[in-house]
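Observations on the three-dimensional arrangement
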Amino acid sequence: MKLKRTHKVIEMQENLVGEKVILTGWVQKRRDHGGLIFVDLRDRSGVCQVVFNPDLGAETFTTAEQIRNEYVIAVQGTIYARPEEMYNEKLATGKVEIYADSIEVLNKSKTPPFSINDEIEVDESVRLRYRYLDLRRPEMQKNLILRHKAIKAIRDFLDQQDFLEVETPILTKSSPEGARDYLVPSRVNPGEFYALPQSPQLFKQLLMVAGYEKYFQIARCFRDEDLRADRQPEFTQLDMEVSFMDKNDILTLNENLISFVFKKALDVEVPVPFKRITYKEAIDKYGSDKPDLRFGMELKDLSELAAGSDFKVFAEIAKKGGQVKAINAKGCSNFSRKEIDDLTKFAAIYGAKGLAYMVITEDEIKSPITKFFKEEEVKEILSTLDAAPGDLLLFVADKPQIVADSLGHLRIEIAKKLNLIDENELNFLWVVDFPLLEWDEDEKRYSAMHHPFTSPIAEDIELMTTDRAGEIRAEAYDMVLNGVEIGGGSLRIYRRELQEKMFRLLGMSDEEAREKFGYLMDAFEYGTPPHGGLAFGIDRMVMLMAKKDSIREVIPFPKTQSATDLMTNAPSDVSERQLKELHIKLNLKQK
RNA sequence: GGAGCUGUAGUGUAGCGGUUAUCACGUCGGCCUGUCACGCCGAAGAUCGCGGGUUCGAUUCCCGUCAGCUCCGCCA
């Protein structure tokens, strides 16, 4: 390489006119006019036009004739101001151009499978196969730069607040509870396996035992579960733990952190404190533990009314511990039969066996169910739902969870359909007072809603040994942004007796608890401070900052829905020798 | 494990029981000294994802399968 870069492309501005510069980068576009060639040169910083004129060097011009898109070149030239009528408003460097007197082709390029510049409309599988080209696109570079800025801001803020960044093992111990583990066979311990961490949970608690007081880590986590637009098998968390802080301290700290990060990375003001609502209120009003509060359309409970009515379908469900709830789709009385059918199908995804409706017009109520209700009952329904002519009321009667799920999602679906959501709003909130436990129907036992190290709320501890364990509230909290859970945490149990009690409640024998978590409980006996913490999903947070619908857009090398990497072709076979060393025999189903 | 959507030159697409398989961008060649979505002329480029079936004939219809995506289950 004879030509050594002197400037970044983006530095090509009017103030440097007349200077001799050397730029390096990729050929974004070549426009060959025969006697004059324009090349848009792109580096990480931006794009600038380079002009090749045979008068400035015949050899240079001949070389320029041969270059193609995505060639890597170094160009030496002089910066000229463009005449005003030749400004290119679309380019950040559009007021100048470089007159090249020398060029060096550093590398050639095959014709790329898709265009590098613009908004891609290429199938994602092609993008993933050629991810190194996809990542060249300014859009993707913007996303990764944003990610960098967000993480940098996190580090800066926490460093200021006296936190220490500490690393924890990637090869660790498999634990029951939670997601499926990724396992790693141990060569030196035949038949035994490490697990990749689902999160650094226990290590960070042990760092609190060890007296580090304020810990954080940008930690990779692994969970072998099925993928979604916002779920990858490996993902990045801001993992955090503090000692001697109460819940309020922790929430405030994290509100300030997020506010700082959005300011630094996006230059957006995020006012604090955030709204806080209880889990119960979230489920009751929005049918979700991560409600999107950018719009209303709350769920209204009609169970009591339904139970006393003559409408048998509703009444029986309401009397048998089910619920009857409804939402008011304001102004949707014009929905067609098909649109309502589609909403019914949509509700069915979440287990709703039906979707009853009332179409409210000026002079009547069109509905298959109105006839089952007395006039006062209809009136009460209308007033509960604040119904007016033009509205569409949608009812689901079922088990509480199905009612919440189906109406909760319906609420969002309709809001999207009606464009009720302001895409520029950032609606942060805390959901607090989660239940400690949830009933696992398959296992016929309780499991921890957050994780088994979460502390119950002090006044609910006495319920642990009663049959009302399902009512115990946890010292747990989630941060929600625009209907997406971006972080969650809790105050932890820090006394051995309480932790043992918790394991028993989860149906774990003392022996099993000792075998799996004995080291933690032993540690609790050596002066463990009260502590708690939180973990943010960095991928999700950056996804929302970048206004994307998938975390794959903010992850450089993501996996497909079937957890494969289309570029490397991982996962793949390994040699018989490798398996043998690991003492592994395959037991595959015949194809 | 399940439901839905998608699959046609390098890319994005049109199409339909019988076509020379459409168009655009890109690519290649020629011309072009002010373009920046350069322009003009010309050319090449498609096992219509794969397998099977129905049919005289399938890219088109049916079944299966594979891949990608969205979702349910799952994910403390």
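Our structure is the block above this text.
Below you will find a few notes about this structure. (Residues numbered from 1 in each chain as written. Chains lettered and ligands numbered in written order. Predicted model: local features only at pLDDT ≥ 70, side-chain atom pairs only at ≥ 80, totals over all residues. Heavy atoms only, no water.)

**A look at the protein's contact with RNA strand B**
Near RNA strand B lie 50 residues; those nearest to it are D32, A448, M449, H450 and H451. Sugar and phosphate atoms constitute 51% of the interface atoms of RNA strand B, taking the interface as everything within 4 Å of the protein. S562 places a side-chain nitrogen or oxygen 2.9 Å from a phosphate oxygen of RNA strand B. Elements with a minimum of two residues in the surface near RNA strand B: β1 (20-32), β5 (96-107) and α2 (124-129). Sort the elements by how many residues they give to the surface near RNA strand B and β1 lands first, with three residues. Taken together, the residues of the surface near RNA strand B break down into 14 nonpolar, 18 polar and 18 charged. (Near = heavy atom within 4 Å. Polar contact = N/O pair within 3.5 Å; in protein donor to acceptor, adjacent residues only side chain to side chain. Helix = DSSP H or I, 4+ residues; strand = E, 2+ residues; numbered from the N terminus. Nonpolar A, V, L, I, M, F, W, Y, C, P; charged D, E, K, R; others polar.)

**Re the packing of aromatic side chains**
Counting across every chain of the model gives 18 aromatic pairs. On the numbers, 5.7 Å between centres and 80° between planes, the contact of F311 with F373 is edge-to-face. Remark: F373 occurs in the loop between β15 (365-366) and α11 (375-384) and F311 occurs in the loop between α8 (303-307) and α9 (312-319); sequence separation between them is 62 residues. Owing to a relative accessible area of 7%, F311 belongs among the buried residues under this scheme. (Phe/Tyr/Trp six-rings, centres within 6.5 Å; stacked < 30°, edge-to-face > 60°. Buried < 20%, exposed > 50% of the residue type's maximum accessible area, 1.4 Å probe, protein only.)

**Quick look at the pattern of salt bridges**
Going through the model one piece at a time under the given rule, you end up with 53 salt bridges. For D342, the salt bridge goes to K345, with nearest N and O atoms at 4.0 Å. Placement of both D342 and K345 in helix α10 (residues 337-349) is noted, with a separation of three residues, approximately one turn of the helix. On the accessibility criterion, D342 (33% relative accessible area) is partly exposed. Several salt bridges share partner residues, and in doing so they unite R496, E500, R504, D510, D522 and E525 into one network. (Salt bridge = Lys/Arg side-chain N within 4 Å of Asp/Glu carboxyl O.)

**Structural notes on α10**
Taking 1.5 Å per residue, 13 residues should reach 18 Å; α10 reaches 19 Å between its end C-alpha atoms and fits that length. All of the buried residues along α10 are I340, L343, F346 and A347. Buried residues along α10 cover an arc of 110° about the axis, so they all sit on one side. Those residues of α10 that are exposed and angled more than 90 degrees off the buried face are R337, K338, K345 and I349. The inward-facing, buried residues of α10 abut β14 (356-360), β16 (392-398) and α12 (400-417). (Expected span 1.5 Å × (residues − 1). Arc of directions from axis to C-beta. Contact = heavy atoms within 4.5 Å.)

**Side note on unusual backbone geometry**
Going from V272 to P273, the amide bond is cis rather than trans, its omega being -5°. Positionally, P273 belongs in the loop between α6 (247-266) and β11 (275-278). A570 connects to P571 through a cis peptide bond whose omega is -5°. Positive phi outside glycine occurs at E70, with the angle close to 75°. With respect to the helices and strands, the residue E70 is situated in the loop between α1 (58-66) and β4 (72-81). On the basis of relative accessible area, E70 is assigned to the buried category, the value being 3%. The residue D433 is not glycine, and still its phi comes out positive at about 60°. The topology assignment puts D433 in the loop between β17 (428-432) and β18 (437-440).

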